[in-house]
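# Architecture at a glance
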Amino acid sequence: MNSRFIRHRPTPIGARPPQNLRDAWVALLGLSAVFLFEMLDNSVLNVALPTISRELNSSAAALQWVTGTYSIVFGTLMLVFGALADRAGRRKVMLIGLVLLGTTSFATAFVTTTAQLIAVRAAMGVAAAMTTPGSNALVFRLFADDRLRVRAMTVVSTVGLVGLAVGPIAGGFVLAFAPWQALLLVNVPIAAVAFIAIRTGIPADSPGELHHEPIDAWGAVLGTAAIATALTAPTLFVQAGARSAMAWIALIAALFFTAAFLLRERSFSHPLLNLRIVAKPLVSSGLAFKAASNLAVAGMGYFVTLQLQLDWGWSPAQAALGMLPQVIVLIAGGAIIDVLVGKLGLSKAAWLSSSAVVAGLGMYSLLGRYGYGWIAAALVLVAAGMRVVGVVAGTNVMRGMPADRTTIGAALVDTAGEIAAAVGTAVSGTVLAILFAGQLADGSWSATQTTEFRCAVTVGGMLLTVFATGLVVFGIVRATSATAHTFSL
């Protein structure tokens, strides 16, 4: 073992933690299935939206809520279920969530209206909030060795990313001979495999791995309201523009609930989220790196899709092929994570990878208009950075959390990523709405409109680059201030 490696030893799950990935293959199979569901869900459903629109007579706004409801419910409830899992048992909450996932996915077969589909998607968002943070926490708790944790999280995330890449293609093939409901019914066997493997491969949490403080009910209400409005406001800004009264009301509500939540957590003796723990260097730096990366990825993804199809006139199939460099790097990049972390340590790998994501966004914003080669290079840089930071930032956050609060730590990482992605999309959409005159989807743009669009890409992209750079700098400062908690692999 590398002499620089120091173990972080919370109480392990089971009598003896696995000594290699082979020893935990059943558990990793189940946790990989959970992450596969998370990656597949919206991406596969997006393929079916035109079919759903025709068969259920859905409006464009209703379709937005078919996908948006899931994301908002998922992002909103992760902290609450993370806190519950750290008290009631991570495996127990995970298994209940998988039963809910299988049941609601099966209910899709009986959907006949858009409202019913939105209700099913909301229930699936609840299931995702119960399972997704728990998957990362269970990987972390399964192993006592940080090197094995990184390797295990790499395996789990690779399975999900393969599904993300293959899912839309497979979904389009399935729609050629099967109803759209089949794309959600596939979650039933995924949930069944995950349930059996996790129930078999991971022992229940022992009392020493949990904490027994009472749930902060008012903190849960205020935190849930803060996250819900924070995720809803960007969606409203993108849909209705900066002149929308509802968008501004949602933003003001988000600020109000966030302030109330923070005041509650600072003053309550048993807070839902201990702010002193969040302020610890490993935790705050990991959250900053994750937020910076998701902010950049969301903004770039929004602009690149529009540029390839609307500015350059590529077909959807050509645009999909244009994103191929990113897909390849996301899948293959797992091979570099262990090597990079082994040479640099977790903290350096985290800030280097998040910096690469932000640099890719800056490259695209300034040079993307000059040819696809620049876009491809930016996609590769962003994908390589995101592949690493997605594993190491979360690991660092859980390293900084007490042993009985790892699930809420994982939930914090996912929540920070969800909110940052929503903000990135909202900033991009708002800048575009301000600078571009006319309808984006019109058949042809005038020379003036083309100039306006490219200006919006540069302005919006650089604005997000500045924000994300600030988060990375903050993360680096916090990471370097970690003293007793700092160690490398």
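Before any of the text, the structure's been laid out above.
Here we summarise the structure given alongside this text. Computed from a predicted structure; not experimentally measured.

### Concerning the packing of helix α4 (residues 114-142) against helix α16 (residues 372-400)
Two measures define how a pair of helices packs: the angle their axes make with one another and the distance between the axes. Where α4 contacts α16, the axes come no closer than 11 Å and their chain directions differ by 65 degrees. Considered as vectors, α4 and α16 are oriented roughly perpendicular to each other. Here α4 runs over α16; the crossing is right-handed. When α4 is examined against α16, the residues Asn136, Ala137 and Phe140 are found in contact with a partner set consisting of Thr395, Met398 and Arg399. For the contact of α4 with α16, the residue count by class is 3 nonpolar, 2 polar and 1 charged.

### A few points about the packing of aromatic side chains
With the rule as written, the count across this model stands at 8 aromatic pairs. Note on Phe256 and Phe257: the rings are 5.4 Å apart at their centroids and 65 degrees apart in plane angle, and the pair reads as edge-to-face. When the ring of Phe436 is compared with that of Trp445, the centres are 5.1 Å apart and the planes differ by 55 degrees; the resulting orientation is tilted. We note that Phe436, like Trp445, is buried. One aromatic cluster in this structure is built from Trp312, Trp314 and Tyr372. The lysine or arginine in question, Arg149, covers the ring of Phe140, its NZ or CZ lying 3.8 Å from the ring centre.

### Notes on the side chain of Gln449
Along the polypeptide, Gln449 turns up in helix α18 (residues 447-480). Beyond its immediate stretch of four places on either side in the chain, Gln449 contacts Phe436, Ala437, Gly438 and Ser444.

### Notes on the side chain of Asp86
Mapping Asp86 onto the fold places it in helix α2 (residues 60-88). Among the polar contacts made by the side chain of Asp86, one reaches the side chain of Thr407 at a distance of 2.8 Å. Residues contacting Asp86, with those up to four places away along its chain left out, are Leu210, His211, Asp404, Arg405, Thr406, Thr407 and Ile408.

### As for helix α13 (residues 324-332)
Taken as a whole, α13 has its buried residues at Gln326, Val329 and Leu330. For α13, the angular spread of buried residues about the axis comes to 100 degrees, placing them on one side. Residues of α13 that are buried make contact with α5 (146-175) and α16.

### Some points on the environment of Ser206
Position of Ser206 among the secondary structure elements: in the loop between α7 (187-201) and α8 (217-240). A C-alpha to C-alpha distance of 8.2 Å links Ser206 and Gly89, two positions 117 residues apart in sequence.

### Things to note about α5
Over its 30 residues, α5 extends 43 Å from the first C-alpha to the last, a length consistent with the 44 Å expected when each residue adds 1.5 Å. Its axis deflected by about 40 degrees at Val166, α5 carries its strongest bend there, up to four residues before the proline Pro168. Where α5 begins, the side chain of Asp145 points an oxygen toward the backbone nitrogen of Arg147, at a separation of 2.7 Å.

### Regarding the pattern of salt bridges
Using the criterion set out here, one finds 7 salt bridges in the structure. Here Arg90 ties to Asp205 by a salt bridge, and the two come within 2.9 Å at their closest N and O atoms. A residue pair is termed long-range when its members are at least 10 positions apart, and Arg90 in helix α3 (residues 90-107) and Asp205 in the loop between α7 and α8 qualify at 115 residues. For the residue pair Arg90 and Asp205, the accessibility class agrees, reading buried in each case. A salt bridge links Asp216 to Arg264; its shortest N-O distance comes to 2.8 Å. Separated by 48 residues along the polypeptide, Asp216 in the loop between α7 and α8 and Arg264 in helix α9 (residues 245-267) bring together distant segments of the chain. Judged by its relative accessible area of 0%, Asp216 falls in the buried class. The structure contains a network of salt bridges with shared partners spanning Asp86, Arg90 and Asp205.

### Focus: the packing of α4 against helix α17 (residues 406-435)
The contact between α4 and α17 brings their axes to 8 Å, and the two run at 130 degrees. Comparing their axes, α17 and α4 come out oblique. Viewed along their axes, α4 and α17 form a crossing whose handedness is right-handed. Of the residues in α17, those in contact with Thr132, Pro133, Gly134, Asn136, Ala137, Phe140 and Arg141 of α4 are Thr406, Thr407, Ala410, Ala411 and Asp414. When grouped by side-chain class, the residues that make up the contact of α4 with α17 number 5 nonpolar, 5 polar and 2 charged.

What counts as what
- Residues take numbers from 1 onward in each chain, read along the sequence in its written order.
- Restriction of local features to residues with pLDDT of at least 70 applies here, the model being predicted, together with a cutoff of 80 or more for giving and counting side-chain atom pairs; totals for whole chains, interfaces and linings are based on all residues.
- With hydrogens and water set aside, each side-chain value is computed from the structure's full complement of heavy atoms.
- The axes are straight lines fitted to the C-alpha atoms, using for helices just the contacting stretch, and the angles between their N-to-C directions are given from 0 to 180°.
- Here a strand is any run of E in DSSP of at least two residues, a helix any run of H or I of at least four, and the numbering for each starts at the N terminus.
- What sets the label is the angle itself: under 35 degrees gives roughly parallel, over 145 gives roughly antiparallel, 65 to 115 gives roughly perpendicular, and the rest give oblique.
- In a left-handed crossing the near helix is turned counterclockwise from the far helix by less than a right angle, and in a right-handed crossing that turn is clockwise.
- By definition in these notes, contact holds between two residues if any of their heavy atoms fall within 4.5 Å.
- In this classification, Asp, Glu, Lys and Arg are treated as charged, Ala, Val, Leu, Ile, Met, Phe, Trp, Tyr, Cys and Pro as nonpolar, and every other residue, Gly included, as polar.
- Between the rings of Phe, Tyr and Trp (Trp by its six-membered ring), a pair exists once the centres lie within 6.5 Å; its type follows the angle of the planes, with under 30 degrees stacked, over 60 edge-to-face, and the other angles tilted.
- Note on classification: 1.4 Å probe, protein chains only; a residue is buried when its accessible area is under 20% of the maximum for its type, exposed when over 50%, partly exposed between these limits.
- Should the NZ of a Lys or the CZ of an Arg lie within 6 Å of a ring centre and within 35 degrees of the ring normal, that charge is described as sitting over the ring.
- By the criterion applied in these results, polar contacts are pairs of N or O atoms within 3.5 Å in which, for protein atoms, one can donate a hydrogen and the other can accept it, and in which residues neighboring in sequence qualify only through two side-chain atoms.
- Arc definition: it is the arc formed by the directions from the helix axis to the C-beta atoms.
- For a helix, the expected span equals 1.5 Å multiplied by the residue count minus one.
- In this analysis the local bend is the angle between axes fitted, respectively, to the seven residues ending at and the seven residues starting at the residue.
- Each reported salt bridge corresponds to a side-chain nitrogen of Lys or Arg within 4 Å of a carboxyl oxygen of Asp or Glu.

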